[in-house]
Amino acid sequence: MLVKTFRWAFAVTALGLAAGVLYDGWTALGIVAILSVLEVSLSFDNAVINAGILKKMNAFWQRIFLTVGIVIAVFGMRLVFPVVIVAVSARLSPWSAVHLALTDKDRYQELVTDAHPSIAAFGGMFLLMIFLDFIFEDRDIKWLAWLERPLAKLGRIDMLSVCIALIVLLVSATTFGAHAHQHGGTHADKAETVLLAGVAGLITYMVVGGLSGFFEQRLEDEEEREQAAEETAERAGRPGSPVKLAGKAAFFMFLYLEVLDASFSFDGVIGAFAITNDIVLMALGLGIGAMYVRSLTVYLVRQGTLDDYVYLEHGAHYAIGALSLILLVTIQYEINEIVTGLVGVVLIGASFWSSVRRNRALSDAS
């Protein structure tokens with residue numbers, strides 16, 4: 001099962017490393033390998049969150065996620081995205097940005113760094129909304145009950161997540177603006193850029209999440225109608241199977257997953273510039289890492305890991321919350337990518353260990 005799920009990731013790894021050697025020798029192989037590990041470590045929480053969504057989709061859409069989705073993830077976010085942000089921020093044509101990336105790598109990196117505030121604001125707000133909507137929802141299973149119980153009560157207030165997110169955005173924008181003004185005002189316009197990008201991230205979350213939620217609700221209504229038939233089948237000795245998302249519902253869930261993946265990719269793409277400013281090596285390394293994240297997502301779904309380790313999803317969402325704040329802080333301050341990766345690993349590791357202890361306690365009690 002493990003080899004079958006990860007076979008494409010292994011194949012892409014071999015091809016990617018070989019391409020790196022052919023492109024720029026053995027040094028390039030090392031850079032590609034480091035970037036691959038960086039992407040996996042920064043995106044492990046992405047795999048857990050994606051698995052929680054993907055398990056609601058039928059087998060066809062799961063395959064689409066692993067095939068078409070990986071093309072979008074690798075070529076869209078890891079290759080095209082860095083070029084697009086340079087083209088937009090520097091007011092260049094896409095072809096000029098590609099030429100710049102291949103011929104003047106230092107200038108290309110400088111332009112990407114200049115575009116970082118808007119990238120961080122967009123991704124930070126999108127991820128923050130995911131975190132807030134999770135912690136304000138009342139759940140039967142609570143990991144940090146002392147924190148989650150009162151937050152669930154607060155969550156009864158309509159639009160609380162949006163209000164908090166907008167307050168965080170205003171604080172981020174005004175703080176950045178004040179910082180820029182103190183340094184001669186050369187980046188004073190960035191405060192407005194941060195505000196606009198953050199609002200765009202919020203709108204993107206609400207539109208995509210709202211559409212996927214609408215179709216998911218339609219599916220749940222259908223499940224309720226079929227529940228009686230399913231229970232009858234189980235009593236007759238035939239195992240009932242839950243209805244999976246398909247059609248429009250699955251399409252919007254797929255769209256939601258792609259936007260989610262894009263938001264998770266921001267820190268990886270920006271962090272990659274700390275290692276190399278060569279877009280070819282960047283695409284190879286981050287592409288390999290993205291393939292492992294996708295395969296891990298499918299593996300978690302098919303093994304039922306999220307059902308066995310019930311706190312994993314909680315840990316991943318707390319990691320999302322931490323990552324969203326880190327992205328917003330990086331608008332003004334530089335944070336080492338190792339710190340970003342470790343925060344997610346620690347939170348997910350703690351939730352996994354809590355799940356293991358819970359399972360042992362339940363086993364001993366029975």
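For the structure, check the block above.
The structure contained in this document is the topic of the report that follows. Owing to the predicted nature of the structure, the values given are computational and were not obtained by experimental measurement. (Residues numbered from 1 in each chain as written. Predicted model: local features only at pLDDT ≥ 70, side-chain atom pairs only at ≥ 80, totals over all residues. Heavy atoms only, no water.)

1. What about helix 3 (residues 94-103)?
And step 1. Where helix 3 is concerned, the buried positions are Ala97, Leu100 and Ala101. Buried positions in helix 3, seen along its axis, are confined to an arc of 100 degrees and lie on one side of it. Opposite the buried face of helix 3, by more than 90 degrees, sit the exposed residues Trp95, His99 and Thr103. (Buried < 20%, exposed > 50% of the residue type's maximum accessible area, 1.4 Å probe, protein only. Helix = DSSP H or I, 4+ residues; strand = E, 2+ residues; numbered from the N terminus. Arc of directions from axis to C-beta.)

2. Some details on the pattern of salt bridges
And step 1. This model, assessed by the stated rule, comprises 3 salt bridges.
And step 2. We note a salt bridge from glutamate 137 to arginine 139, for which the minimum N-O separation is 3.3 Å.
And step 3. Of the residues examined, glutamate 137 reaches a relative accessible area of 43% and is grouped as partly exposed.
And step 4. Exposure remark for arginine 139: the relative accessible area of 23% places this residue in the partly exposed category.
And step 5. Measuring nitrogen to oxygen at the nearest pair gives 3.1 Å for the salt bridge that ties aspartate 138 to lysine 142.
And step 6. With relative accessibility at 53%, the residue aspartate 138 sits in the exposed group.
And step 7. The class of lysine 142 is buried, set by a relative accessible area of 18%. (Salt bridge = Lys/Arg side-chain N within 4 Å of Asp/Glu carboxyl O.)

3. Considering a nonpolar patch on the surface
And step 1. A cluster of nonpolar side chains, Leu166, Leu170, Leu195, Val199, Ile203, Val207 and Leu211, forms an exposed patch at the surface whose accessible area comes to about 520 Å².
And step 2. Taken together, the elements giving at least two residues each to the nonpolar patch come down to helix 6 (160-182) and helix 7 (190-235).
And step 3. Sorting elements by how many residues they give to the nonpolar patch places helix 7 first, with 5 residues.
And step 4. By secondary structure assignment, the location of leucine 170 is in helix 6.
And step 5. For leucine 170, a relative accessible area of 48% puts it in the partly exposed group. (Patch = residues over 30% accessible without salt bridge, like charges linked within 9 Å, V, L, I, M, F, W, Y side chains within 5 Å. Areas by Shrake-Rupley, 256 points an atom, 1.4 Å probe, with all protein chains shown as cover.)

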